[in-house]
Amino acid sequence: MSEELIQIVVEFILGGIIIAVLGFCFQRLSWQRATKHDLQVKNAERSHETLKFVSNLIDSRIYWTNQMITALKRGKDKEDYETIKKGFFGTVEQWNANLNFALASLEADFSHELRLELENDIGTKITDVASELAVMILEGPVNEERLNTLDALVTDVRKRVLNFVIKMMNTLSEKEKKLSEFKDHT
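Note that the structure is a prediction, hence the values are computed from the model and not measured.

Time to look at helix α3 (residues 112-139). Compared with an ideal rise of 1.5 Å per residue, which puts 28 residues at 40 Å, α3 spans 38 Å between its outermost C-alpha atoms and is within 8% of the ideal. At G123, α3 shows its strongest bend, of approximately 40°. Downstream of α3 by a residue or two, G140 has a phi angle that is positive, lying close to 65°.

Given below as structure tokens:
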């Protein structure tokens, strides 16, 4: 009888150990999946914020560049000229202060290719137009023909920006799709 009691106690202890190990493994697997899901959610949220930040930064720059071109075409003697000039140079400062953060965010949240597109294509063109406008504003004279050329360049940049933002939105959509698929499989 004592051997049977010892065998029952040993089986009970071994059964408890096996159940505890299995419970630990299932709990750890569940925790890992939840953590992975939480990280993917945070990544998608951060990407969404980057999309809004970069888009607003570019849109503001293009808007005030267009306003400045129009103001220069109308003449420096118009009453809203100083307000537009202040807005234009304000966005230049905003661009310069936030460009590195925008580039780093694109690299981290989207892709190296999108960062390069903003840095080397869109950003360079916007900066070149703004530099020429700054010379006309500060040193004169205003060249109507050159303003028309700059206006056409800004229109081209606006088209590039639209495609750029669409690429960002498509990337974000893919991340959200993967997140949804992951959630469905858990």
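The tally for this structure, following the rule as stated, stands at three aromatic pairs. For the pair F53 and F101, a centre-to-centre distance of 5.4 Å together with 80° between the ring planes defines the contact as edge-to-face. A residue pair is termed long-range when its members are at least 10 positions apart, and F53 in helix α1 (residues 2-74) and F101 in helix α2 (residues 81-109) qualify at 48 residues. Judged by centre distance (5.2 Å) and plane angle (85°), the ring pair of Y63 and W64 falls under edge-to-face. Using a relative accessible area of 22% as the deciding quantity, one classes W64 as partly exposed. Between K175 and the ring centre of F110, over which it is positioned, the NZ or CZ distance is 5.3 Å.

Turning our eyes to something else, we now look at the pattern of salt bridges. By the definition in use, this model includes 12 salt bridges. The closest approach of N and O atoms between D151 and K73, which form a salt bridge, is 3.2 Å. Of the two residues, D151 sits in helix α4 (residues 144-185) while K73 sits in helix α1, which places them 78 residues apart along the sequence. Note on D151: relative accessible area 25%, which makes it partly exposed. Two residues, D121 and K125, come together in a salt bridge whose shortest N-O distance is 3.1 Å. Residue D121 and its partner K125 are located together in helix α3, separated by four residues, close to a single helical turn.

A cluster of nonpolar side chains, contributed by L5, I6, V9, V10, F12, I13, L14, I17 and V21, occupies part of the molecular surface with about 880 Å² of accessible area. Mapping I17 onto the fold places it in helix α1. Its relative accessible area of 47% is what places I17 among the partly exposed residues.

Attention shifts here to the confidence of the model for the protein chain. On average, the protein chain scores 86 in pLDDT, and the residues at 70 or more come to 97%. Mean pLDDT across the elements of the protein chain ranges from a minimum in α1, with 84, to a maximum in α2, with 93.

At their nearest, the axes of α1 and α3 sit 11 Å apart, and the two run at 30° to each other. Here α1 lies roughly parallel to α3, going by the angle between them. Along this stretch, α1 crosses α3, giving a crossing that reads as left-handed. Counted together, V54, I58, R61, I62, T65, M68, I69 and L72 of α1 and L118, I126, T127, V129, A130, L133, M136 and I137 of α3 form the full contact between these two elements. Looking at side-chain class alone, the contact of α1 with α3 contains 13 nonpolar, two polar and one charged residues.

Thresholds, definitions, all that
- Residues numbered from 1 in each chain as written.
- Predicted model: local features only at pLDDT ≥ 70, side-chain atom pairs only at ≥ 80, totals over all residues.
- Heavy atoms only, no water.
- Helix = DSSP H or I, 4+ residues; strand = E, 2+ residues; numbered from the N terminus.
- Expected span 1.5 Å × (residues − 1).
- Bend = angle between axes of the 7 residues up to and from the residue.
- Phe/Tyr/Trp six-rings, centres within 6.5 Å; stacked < 30°, edge-to-face > 60°.
- Buried < 20%, exposed > 50% of the residue type's maximum accessible area, 1.4 Å probe, protein only.
- Lys NZ or Arg CZ within 6 Å of the ring centre and 35° of its normal.
- Salt bridge = Lys/Arg side-chain N within 4 Å of Asp/Glu carboxyl O.
- Patch = residues over 30% accessible without salt bridge, like charges linked within 9 Å, V, L, I, M, F, W, Y side chains within 5 Å.
- Areas by Shrake-Rupley, 256 points an atom, 1.4 Å probe, with all protein chains shown as cover.
- pLDDT = per-residue confidence, 0-100.
- Axes fitted to C-alpha atoms, helices over the stretch in contact; angles between N-to-C directions.
- Parallel < 35°, antiparallel > 145°, perpendicular 65-115°, else oblique.
- Left-handed = near helix turned anticlockwise from the far one by under 90°.
- Contact = heavy atoms within 4.5 Å.
- Nonpolar A, V, L, I, M, F, W, Y, C, P; charged D, E, K, R; others polar.

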